[in-house]
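# An overview of the molecular structure
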Number of protein chains: 2
Amino acid sequence: MQLCSRRNWSRRALGLVGAIVVALSVAGCVGQSASDAKSPAVASATNAAAALPSWREGTAKKRIVKFVADVTREGSSTFVPPAERIAVFDNDGTLWSEQPLYFQFLFLLDQITAAAPNHPEWKGNPAYQAILKKDYGALASLQKPLMRLVAVANSGMTVDQYDKTIRNWLATTQHPTLKRPFTELVYQPQLELLAYLRANGFKTFIVSGGTIEFIRPWAETIYGIPPEQVIGSSQLVQYEIRDGHPALVRRPKIDFVNDGPGKPIGIYREIGRRPILAFGNSDGDLQMLQYTAAASGPHLALLVHHDDAVREFAYDRRSKVGKLDKAWDEAVTDGWAVVSMKDDWTTIYPLPRR
Amino acid sequence: MQLCSRRNWSRRALGLVGAIVVALSVAGCVGQSASDAKSPAVASATNAAAALPSWREGTAKKRIVKFVADVTREGSSTFVPPAERIAVFDNDGTLWSEQPLYFQFLFLLDQITAAAPNHPEWKGNPAYQAILKKDYGALASLQKPLMRLVAVANSGMTVDQYDKTIRNWLATTQHPTLKRPFTELVYQPQLELLAYLRANGFKTFIVSGGTIEFIRPWAETIYGIPPEQVIGSSQLVQYEIRDGHPALVRRPKIDFVNDGPGKPIGIYREIGRRPILAFGNSDGDLQMLQYTAAASGPHLALLVHHDDAVREFAYDRRSKVGKLDKAWDEAVTDGWAVVSMKDDWTTIYPLPRR
């Protein structure tokens, strides 16, 4: 599980009843349920141009459009029935930003800071020291001691209480440097791609190292992806009768780490079919991409390349957060599609909400 | 986890490309994807009569039809948006038969018998002794020693190899007394109910103590429920590169027991919304039913009562397999709907396949 170290318990943020919803993505959200497995519209260059306005003409867009046309062309050898059109997307760094630190980590740090007065024993914990110094680079390498703090700070409450805590944080917290709510820091071209895939009969899933609790409250509104299509890491919960009512209570133990080799396992457990399209951005997505690319039928593996220092952040290959090293090598060797944020995307974020 | 003892690793069988598909259930299967979250048709007594021909007019049917009418009536206080119309069904004893033993157990016994020559050390295992004597009653109480045999007999292979083993068994094995393929031993009234719910905007899930591997190969064809909507128990799998290809390999360890208190946990992890309708038949479904019945909004909890010794099997309250004791008491106290197989269903099984 060596590759697990970078994304566990990471990311996602925000806001719930948000209203990012640029016209196209609204269509996508509303269309999600209705179009998920509907008789697919056949993809054509024409509707792709209309559906993917934030994608520049180029190799990456051409490969996506060709792939969708191939799998939706009835009677062709590359046709894939709608039920098997499973598309999986990593979240942090693939659907929204992840710098200076996975947004879920920022939430967890706030939780730990708030709980600290009751835990003097944390003073010797190196992760707690890094939190006090806001040393995000160090934190990215201190996963285990950090998880010990997290497990304590976020346990004992019911899943409903935890859900409220997350929704409240997302609704009231801004990105430290970009000064926008986290759920506005999703990638507009990816919102368009999700909607385009669904309009072509795909069922879209998130497969994240972050926890299900942190993504589900806003994934349906923002991405058009319902809670049951969000696969992520999870903490152990226990069924109890509390005050006469059934309750699911969070226990201080990690249950499943849906990262690195955990991603194909999570896909197997919760989807039960091999995806035909997988989109990631880092080494935490390596095995999910390998697993998808190993299919005997049509498939497409894609990577977001973070090379836009002006509009987002330029990092990946050497970064502690969002490292893209082994997966980059494999993308080059195996011909996976690499999407340059700088060159392939005309826009990064949707317009701010009113 | 005391209630876990009866259904873990149990049930479901069969056959894959089956063709039970009576006209109505075909419509259900085809409609599954398309109608899952579509703008719902409003339920009316008229379409219910047409959609549920194997349900006798009576209290149980009336409650179902009223509930569906209530949650689909736009503008009413009982309206539930389509995305929240989650319906969960136990499998063994709720959607298909489970006597003389959960069908998955019958499969596992065959696996153990086949592997036995390589395992002389099993001779002292009480579950192995019960298998030799076909003592199903004893086996139902020997879960732990049985699981030790199962873990060994079914590990080491890839999930794809295991899938083939199951499909082959289901395609070639008949029920010991009814002499029909297991996937023909599904309940016709429930096929109609699943299709009726989907036609009214519900998303239907299986939530079973049986394993995902044993249900997924045929649930889509027979029930109209795709693999990603099958929640069940699971064995640990590991990601490996085997002969140069990514593979998921089964490890000799149980990963998750989706039974008893495990059912609401499985629902939380994989659906992330509280169901508004839950259908079970035994104490293994107690917590799932409690959890559903505790919702503040509209909800319906139902139990199949196995009281038809002529057309199926009369058991439940005192049975080792499919015991309905605590959940029966709670159904009486809390007014859950109890469905009598003898009185409420005009038909039990679909017509045999050609």
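Note that this is a predicted model, so its numbers are computed, not measured.

## Observations concerning the overall build of chain A
Secondary structure summary: chain A contains 14 helices and 7 strands in total. The burial tally for chain A puts 64% of its 354 residues in the buried class. Within chain A, contacts between residues separated by at least 24 positions form 74% of all contacts whose residues are at least 6 apart in sequence. Working note: accessible area of chain A is about 12,800 Å², and carbon and sulfur atoms make up 55% of it.

## A few points about the sheet that holds strand β4 (residues 245–256) of chain A
Residue and element names in this part refer to chain A. Pairing is mixed across the open sheet formed by 7 strands, whose spatial order is β4-β3-β2-β1-β5-β6-β7. The strands lining the two open edges of the sheet, one partner per strand, are β4 and β7 (337–340). This sheet shows a mean twist of 30° between the axes of neighbouring strands, independent of strand direction. Strand direction decides the pairing type here: strand β6 (residues 300–305) and β7, joined by 4 bridges, are parallel. Opposite His305, over in β7, you have Ser340 as the bridge partner.

## So, the packing of helix α8 (residues 159–172) of chain B against helix α10 (residues 212–223) of chain B
All names here are of chain B. In the contact formed by α8 and α10, the axes pass within 10 Å of each other and the chain directions differ by 65°. Both α8 and α10 take part in a crossing whose hand is right-handed. In this structure, α8 uses Tyr162, Asp163, Ile166, Arg167, Trp169 and Leu170 to contact α10, whose residues at the interface are Glu213, Phe214, Pro217 and Trp218.

## With respect to the interface of chain B and chain A
Contact residues are listed per partner, giving 38 residues for chain B and 39 residues for chain A. Here chain B meets chain A over a buried area of about 3,400 Å², counting both sides, of which 55% is carbon and sulfur. Per-residue buried area on chain B facing chain A is highest for Tyr239, Tyr268 and Arg269 of chain B; these three make up 22% of the total on that side. In this structure, the connection of chain B to chain A is made through 8 salt bridges. The salt bridge partner of Glu228 of chain B is Arg273 of chain A, with a shortest N-O separation of 3.8 Å. Grouping the amino acids of the side of chain B that touches chain A by side-chain chemistry returns 20 nonpolar, 7 polar and 11 charged.

## A short note on unusual backbone geometry
Omega for the bond connecting Gln99 of chain A with Pro100 of chain A falls within 30 degrees of zero, at 5°, which places this linkage in the cis form. Looking at the secondary structure, you find Pro100 of chain A in the loop between β1 (86–89) and α4 (103–115). Phi is positive for Lys179 of chain B, which is not a glycine, with a value near 55°. When you line up the elements, Lys179 of chain B lands in the loop between α8 and α9 (188–199).

## With respect to the confidence of the model for chain A
The predicted coordinates ought not to be read in detail in places where the model reports low pLDDT. Residue and element names in this part refer to chain A. This prediction gives chain A a mean pLDDT of 86; 87% of its residues lie at or above 70. Every residue in residues 1–43 is under pLDDT 50, and counting partners more than four places away or in other chains gives 183 contacts. ipTM for the predicted complex: 0.86, alongside a pTM of 0.87.

## Quick look at the sheet that holds strand β1 (residues 86–89) of chain B
Residues and elements named next belong to chain B. Spatial strand order, β4-β3-β2-β1-β5-β6-β7: 7 strands in an open sheet with mixed pairing. Where the open sheet ends on each side, the last strands, each with one partner, are β4 (245–256) and β7 (337–340). For this sheet, the mean inter-axis angle between neighbouring strands, taken without regard to orientation, is 30°. Where strand β3 (residues 230–242) and β4 come together, 8 bridges link them in antiparallel fashion. Looking at β4, one finds that Tyr239 is bridged to Leu248. Across the sheet, α9 is in contact with β1, β2 (203–211), β5 (277–280) and β6 (300–305); its angle to β1 comes to roughly 165°.

## Digging into the relation of the copies chain B and chain A
Superposing chain B onto chain A takes a rotation of 180° plus a shift of 0.0 Å along the axis, which leaves an RMSD of 0.0 Å. Between the two chains, the operation in question is that of a two-fold axis. Taken together, the interface assignments show that 100% of the residues at the interface of chain B recur at the interface of chain A, consistent with an identical surface on both copies.

## Let's talk about the packing of aromatic side chains
Throughout the structure, instances matching the rule amount to 32 aromatic pairs over all chains. Measuring from ring centre to ring centre gives 5.4 Å for Tyr187 of chain A and Trp345 of chain A, while their planes differ by 50°; the resulting arrangement is tilted. Of the two residues, Tyr187 of chain A is situated in the loop between α8 (159–172) and α9 (188–199) and Trp345 of chain A in the segment after α14 (341–344); the sequence distance between them amounts to 158 residues. What makes Tyr187 of chain A buried here is its relative accessible area of 0%. What links up through ring pairs into an aromatic cluster is the set Trp96, Phe103, Phe107, Tyr162, Trp169, Phe182, Phe214, Trp218 and Tyr223 of chain A. Just above the ring of Tyr291 of chain B sits the side chain of Arg274 of chain B; from NZ or CZ to the centre is 4.4 Å.

## Points about the pattern of salt bridges
Tallying each qualifying case throughout the model produces 32 salt bridges over all chains. Between Lys263 of chain B and Asp90 of chain B there is a salt bridge; the shortest N-O distance is 2.9 Å. Pair noted here: Lys263 of chain B is in helix α11 (residues 262–270) and Asp90 of chain B is in the loop between β1 and α4 (103–115), with a separation of 173 residues, a long-range link. The residues Lys263 of chain B and Asp90 of chain B share a single accessibility class, namely buried. Residue Glu240 of chain B is joined to Arg242 of chain B by a salt bridge in which the shortest nitrogen-to-oxygen separation is 3.6 Å. Overlapping salt bridges, with partners in common, bring together Lys203 and Arg273 of chain A together with Glu220 and Glu228 of chain B in one network.

## Details of helix α3 (residues 59–72) of chain A
The end-to-end C-alpha separation of α3 of chain A is 20 Å, in line with the 20 Å expected for 14 residues at 1.5 Å each. Listed as buried for α3 of chain A are Ala60, Lys61, Ile64, Val65, Phe67, Val68, Ala69, Asp70, Val71 and Thr72 of chain A.

Scoring rules and cut-offs
- Residues numbered from 1 in each chain as written.
- Chains lettered and ligands numbered in written order.
- Predicted model: local features only at pLDDT ≥ 70, side-chain atom pairs only at ≥ 80, totals over all residues.
- Heavy atoms only, no water.
- Helix = DSSP H or I, 4+ residues; strand = E, 2+ residues; numbered from the N terminus.
- Buried < 20%, exposed > 50% of the residue type's maximum accessible area, 1.4 Å probe, protein only.
- Contact = heavy atoms within 4.5 Å.
- Areas by Shrake-Rupley, 256 points an atom, 1.4 Å probe, with all protein chains shown as cover.
- Pairing = 2+ DSSP bridges.
- Axes fitted to C-alpha atoms, helices over the stretch in contact; angles between N-to-C directions.
- Left-handed = near helix turned anticlockwise from the far one by under 90°.
- Buried area = accessible area lost by both parts, 1.4 Å probe.
- Salt bridge = Lys/Arg side-chain N within 4 Å of Asp/Glu carboxyl O.
- Nonpolar A, V, L, I, M, F, W, Y, C, P; charged D, E, K, R; others polar.
- pLDDT = per-residue confidence, 0-100.
- Least-squares fit on C-alpha atoms with pLDDT ≥ 70 in both.
- Phe/Tyr/Trp six-rings, centres within 6.5 Å; stacked < 30°, edge-to-face > 60°.
- Lys NZ or Arg CZ within 6 Å of the ring centre and 35° of its normal.
- Expected span 1.5 Å × (residues − 1).

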